[in-house]
Amino acid sequence: MLTCITSDIGGTNARFFLHEVFVEQRSSQLLLTKIYPSNDFDSLEDVLVEFLGEKECRANIPRFLILSIAGAPKNNTIEKFSNIKWPGISGQKIAERFNFENVTLLNDFASVGYSAGTMDFGSMFRLQEAKTPSPDNYVVMGAGTGLGVVYVTKVDGRLAVVSSEGGHHFQGFSSDVEREFQLFTIDRIDELYPDKHLQYADTEYLFCGLGLPVMYDFFYMKHNGHLPKQRLAGQEIVAQFGKTPIGKDCLDLYMRILGRSINVVAKTFLPRGGKFILAGIIGKVLQRVFDSDEEKFWDMISPFVFSDESSKKSLSRIDIHVSSTDLAEHAIEGCINYLFHSLENIH
């Protein structure tokens, strides 16, 4: 019996899963799920001790551990977690301490990339169907706290996942309001997060987890002449999209930025066609703001996706989908797929 642990480590929660893995069938069965508040523990090792003490883990001793982490692992080591005050970790040292056969640290969006080949596209919203069959190239763009972009292709029949900093692309101004917003964002982020030291406002800061409250602050000030007394969280702002004067302005700008981001990322990573998957907050916006009406959603962003004639031609070769599945679920599926792809190398 082959068992493994996968985990999605976030700033709020650390999710741990125990699986029985059937390699030949490329399938797995979930045996145990535990969610731990990250701030209740001083280190990842402390959480792991707790999880391994569960009776299911004691009865089915796991041989492999794959961790999906918001950070940049290098040489299977991470010096600093992006969103938790935990000490850095080494995959090799964890394997030695807990007697795992192998421990792998994956960037959280790289793990999402490994899920691309087994995603259920039939359950997703489809914004555009490619005019020609799509090759085995994928891009996943997910908006969460930041904007993750990962490119996936096949090399000799196996998935190759390429992490990127594509979420940090820059967008030009198409109106005075957009120019004002970008300048406001630089000042506001610098005020709220002095360690960021922004020289310019790249897309990640314009419409993701950090950017949504700033967008709301911007339009609140334009409507009222001052900042709101209480800052709203991203979910609270999405709930206002299209429903209040400020919410309408936020939705209009959000969709403009999203449409142009699709244009830039698709042209960069999928010049010969492929599948483009939008995920994270974007799926929630389609569901909650547009009542899952993909045509209405697409009508609002497509003018910015197809900003010129060359875009209409080059992007017609791309299938565009929206996933409403949480990014963490895609990450865990990707961790399992990574194990399937790497077992032959481990042995």
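Residues numbered from 1 in each chain as written. Predicted model: local features only at pLDDT ≥ 70, side-chain atom pairs only at ≥ 80, totals over all residues. Heavy atoms only, no water.

Enquirer: Break down the overall build of the protein for me, citing the residues and quoting the values.
Expert: In terms of regular secondary structure, the protein is built from 13 helices and 13 strands. For 347 residues, the compact-globule estimate of 2.2 N^0.38 gives 20 Å, and the C-alpha radius of gyration of the protein, at 21 Å, lies within 12% of that figure. Oriented by its inertia axes, the alpha-carbon framework of the protein measures out at about 60 × 50 × 35 Å. For the protein, the share of sequence-separated contacts (at least 6 apart) that also reach a separation of at least 24 residues comes to 68%. Surface exposure of the protein reaches about 16,500 Å², of which carbon and sulfur atoms provide 47%. Side-chain charges of the protein comprise 34 positive and 44 negative groups, with the mean position of each set lying 2 Å from the other. (Helix = DSSP H or I, 4+ residues; strand = E, 2+ residues; numbered from the N terminus. Rg over C-alpha atoms; globule rule 2.2 N^0.38 Å. Contact = heavy atoms within 4.5 Å. Areas by Shrake-Rupley, 256 points an atom, 1.4 Å probe, with all protein chains shown as cover. Lys, Arg positive; Asp, Glu negative; His and termini not counted. Charge placed at Lys NZ, Arg CZ, Asp CG, Glu CD.)

Enquirer: Account for a nonpolar patch on the surface, with residues named and values stated.
Expert: Together, F170, F173 and Y200 make up a nonpolar patch on the protein surface, roughly 320 Å² of accessible area in all. Among the structural elements, Y200 can be located in the loop between α5 (176–192) and α6 (204–207). Since its relative accessible area comes to 42%, Y200 is described here as partly exposed. (Patch = residues over 30% accessible without salt bridge, like charges linked within 9 Å, V, L, I, M, F, W, Y side chains within 5 Å. Salt bridge = Lys/Arg side-chain N within 4 Å of Asp/Glu carboxyl O. Buried < 20%, exposed > 50% of the residue type's maximum accessible area, 1.4 Å probe, protein only.)

Enquirer: An account of the sheet that holds strand β3 (residues 27–37) is needed here, citing residue identities and associated values.
Expert: Taken together, the 5 strands give an open sheet; going across it, the order is β3-β2-β1-β4-β7, and neighbouring strands pair in mixed fashion. Every other strand in the sheet has two partners, leaving β3 and β7 (102–107) as the edge strands with one partner each. Ignoring which end each strand starts from, the neighbouring axes of this sheet average 15 degrees apart. By the bridge criterion, 6 bridges tie strand β1 (residues 2–9) to strand β4 (residues 64–69) in an arrangement that is parallel. Across the sheet, T6 pairs through a bridge with I66, a residue of β4. Where helix α1 (residues 44–52) meets the sheet, its contacts fall on β1, β2 (13–22), β3 and β4, and the angle it forms with β2 comes to roughly 50 degrees. (Pairing = 2+ DSSP bridges. Axes fitted to C-alpha atoms, helices over the stretch in contact; angles between N-to-C directions.)

Enquirer: Give a description of the sheet that holds strand β8 (residues 125–128) that names residues and reports values.
Expert: The 6 strands are arranged β8-β13-β12-β9-β10-β11 in an open sheet whose pairing can be described as mixed. The two strands at the open ends of the sheet, each matched to only one other strand, are β8 and β11 (158–163). For this sheet the average axis-to-axis angle between neighbouring strands, irrespective of direction, equals 25 degrees. In the sheet, strand β9 (residues 137–143) pairs with strand β12 (residues 274–280) via 6 bridges, with the strands oriented parallel. When the sheet's bridge partners are listed, V140 is paired in β12 with I277. Each of β8, β9, β12 and β13 (318–322) touches helix α10 (residues 281–288); the most contacted strand, β12, lies at about 80 degrees to it. Sheet contacts for helix α11 (residues 294–305): β8 and β13; angle to β8, the most-contacted strand, approximately 35 degrees.

Enquirer: Explain the side chain of N263 to me, and be specific about the residues and the numbers.
Expert: Residue placement: N263 occurs in helix α9 (residues 245–269). Here N263 is in contact with F304, V305, S307, S311 and L315, once residues within four sequence places are set aside.

Enquirer: Please set out the nonpolar core residue by residue, giving values where relevant.
Expert: The biggest cluster of nonpolar side chains holds 59 residues, and the ones touching the most others in it are M141, F241, Y254, L258, F276, L278 and F297. Setting aside its immediate chain neighbours within four residues, Y254 contacts F207, L212, M215, F241, I281, I282 and V285. Formed by 28 residues, the second largest nonpolar core is a distinct cluster that contains L32, L48, I94 and F100. (Core = buried A, V, L, I, M, F, W, Y, C linked by side-chain atoms within 4.5 Å.)

Enquirer: Tell me about the pairing of strand β5 (residues 77–80), residues and numbers included.
Expert: Relative to strand β6 (residues 87–90), β5 runs antiparallel, the two sharing 3 bridges. For T77, the partnering residue across the bridge sits in β6 and is S90. Linking β5 back to β6 in an antiparallel pair, the connection comprises 6 residues.

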